[in-house]
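Examination of the molecular architecture
Okay, here's what each chain looks like letter by letter:
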Amino acid sequence: MQGLENVTMRYAGNKTSGIIYLVSDYKDRGLILERISKYGGEITTLTDEQKAEIGEEIPDSMVVAKFDNSKNAYQYYNETDAKELHYNSDDYEIVELFSNQIGVYRYFREKNRSFVRPASIVLMIVSAFILAFTMAHLIASSTKTFVLYRSIGASKSQLLIIYFVYLMELCVRAAIFAICLGLVLAAIMTGVGWSYLLERLVEAYPNVPKFPPILLGINWQCFEVIVCMFLAAPVSFLLCLDQFSNKKIAQKLKGD
């Protein structure tokens, strides 16, 4: 998804070299200037060429600002600080010039909120239970080894550390596998969707040079998922702590 967003944003922002131009209009000009400064924008004046491209005159009451950061521009455009700054968002007009980078950015934020994020949370919860079941099965299959360690003087806390380290090793392997799987899936999707994506992007942005639609991207959520994978280990370990009780061990030995 991040790779697809990167490619689409590159097409959307090609005409302006990634700069987002927003024209704003509100009865309080001072508020417009305050908000533009707050979100890292810069007041600018359009060139004659840019004015000709728009095809209409921009009134002097409107303020044109440029943003070099998509997130900041999106926050400014979204008007989420209406209550904080006490203004009526319905009367605050903002229009993007030359491109639709804000629309593209918003589309992917909505997809992230409605699909990617919920799916990630569900999978992380499932992974914690899978790790717990894996750990429980590991303990159940090595009961005699567990007893042997105890018989030669290993304390219960030492055994807990050994099994916890083993669980963390599983997480390391799972993280490496996840990264490799992500790269493979991105490569497959790039190959399968190459022609289709180029066709759709050229159709949407006919005057933009063709860029390769490589669906490989990294964002902070990638690192968040890796961190959560390791945080799932302690949760899983706590879920199967009862497997280390003397009563459970004795029951397993009787079953063997």
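Residues numbered from 1 in each chain as written. Predicted model: local features only at pLDDT ≥ 70, side-chain atom pairs only at ≥ 80, totals over all residues. Heavy atoms only, no water.

**So, the pattern of salt bridges**
- According to the stated counting rule, one finds nine salt bridges in the structure shown.
- Linking E169 and R173 is a salt bridge whose minimum nitrogen-to-oxygen distance equals 2.7 Å. With E169 and R173 both in helix α8 (residues 156–204) and four residues apart, the pair spans about one turn of that helix.
- A residue is classified by how much of its surface remains accessible, and R173, at 54% relative accessible area, is exposed. (Salt bridge = Lys/Arg side-chain N within 4 Å of Asp/Glu carboxyl O. Helix = DSSP H or I, 4+ residues; strand = E, 2+ residues; numbered from the N terminus. Buried < 20%, exposed > 50% of the residue type's maximum accessible area, 1.4 Å probe, protein only.)

**Examining the domain arrangement of the protein**
- Once the domains are mapped, the protein shows domain 1 (19–98) and domain 2 (112–255).
- Taking only C-alpha atoms into account, the centre of domain 1 sits 44 Å from that of domain 2. (Domains from an automatic or database assignment.)

**Notes on helix α2 (residues 29–38)**
- Taken as a whole, α2 has its buried residues at L31, I32, R35 and I36. Along α2, the residues classed as buried sweep out an arc of 135 degrees about the axis, all on the same side.
- Considering only its buried residues, α2 is in contact with β1 (20–25), β2 (42–43), β3 (63–67), α4 (70–78), α5 (82–85) and β4 (93–97).
- Capping the start of α2 is the job of one residue whose side-chain oxygen sits 3.1 Å from the backbone nitrogen of G30: D28. (Arc of directions from axis to C-beta. Contact = heavy atoms within 4.5 Å. Polar contact = N/O pair within 3.5 Å; in protein donor to acceptor, adjacent residues only side chain to side chain.)

**Focus: the sheet that holds β1**
- In space, the four strands of this open sheet follow the order β2-β3-β1-β4, with antiparallel pairing throughout. Since the sheet does not close on itself, it has two edges, and those belong to β2 and β4, each with one partner.
- Pairing between β1 and β3: five bridges, direction antiparallel. Within β3, the residue paired with S24 across the bridge is V63.
- Along the sheet face, α2 touches β1, β2, β3 and β4 and points at about 5 degrees away from the line of β3. (Pairing = 2+ DSSP bridges. Axes fitted to C-alpha atoms, helices over the stretch in contact; angles between N-to-C directions.)

**A look at the pairing of β3**
- By the criterion of burial, β3 is predominantly enclosed, with four of the five residues buried.
- Note: β2 against β3, two bridges, orientation antiparallel. Within β3, the position partnered with E42 by the bridge is K66.

**Observations concerning helix α1 (residues 2–12)**
- For α1, a buried count of eight out of eleven residues is recorded, marking the element as mostly surrounded by other parts of the structure.
- Restricting attention to buried positions, one finds in α1 the residues Q2, G3, E5, V7, T8, M9, Y11 and A12.

**What about the environment of Y149?**
- Relative to the helices and strands, Y149 resides in helix α7 (residues 143–151).
- Given the relative accessible area of 34%, Y149 is considered partly exposed.
- A C-alpha to C-alpha distance of 7.8 Å links Y149 and L159, two positions ten residues apart in sequence.
- When sequence neighbours within four positions are dropped, the list of residues in contact with Y149 reads A154 and L159.

**Describing unusual backbone geometry**
- We note that S17 has phi near 60 degrees; this positive angle belongs to a residue other than glycine.
- With respect to the helices and strands, S17 occurs in the loop between α1 and β1.
- Using a relative accessible area of 67% as the deciding quantity, one classes S17 as exposed.

**A short note on the state of the cysteines**
- Enumeration according to the criterion identifies zero disulfides in this entry.
- Not engaged in a disulfide, the cysteine C171 finds its nearest cysteine sulfur in C228; these two sulfurs lie 11 Å apart.
- On the basis of relative accessible area, C171 is assigned to the buried category, the value being 3%.
- For C228, a relative accessible area of 27% translates into the label partly exposed. (Disulfide = S-S within 2.5 Å.)

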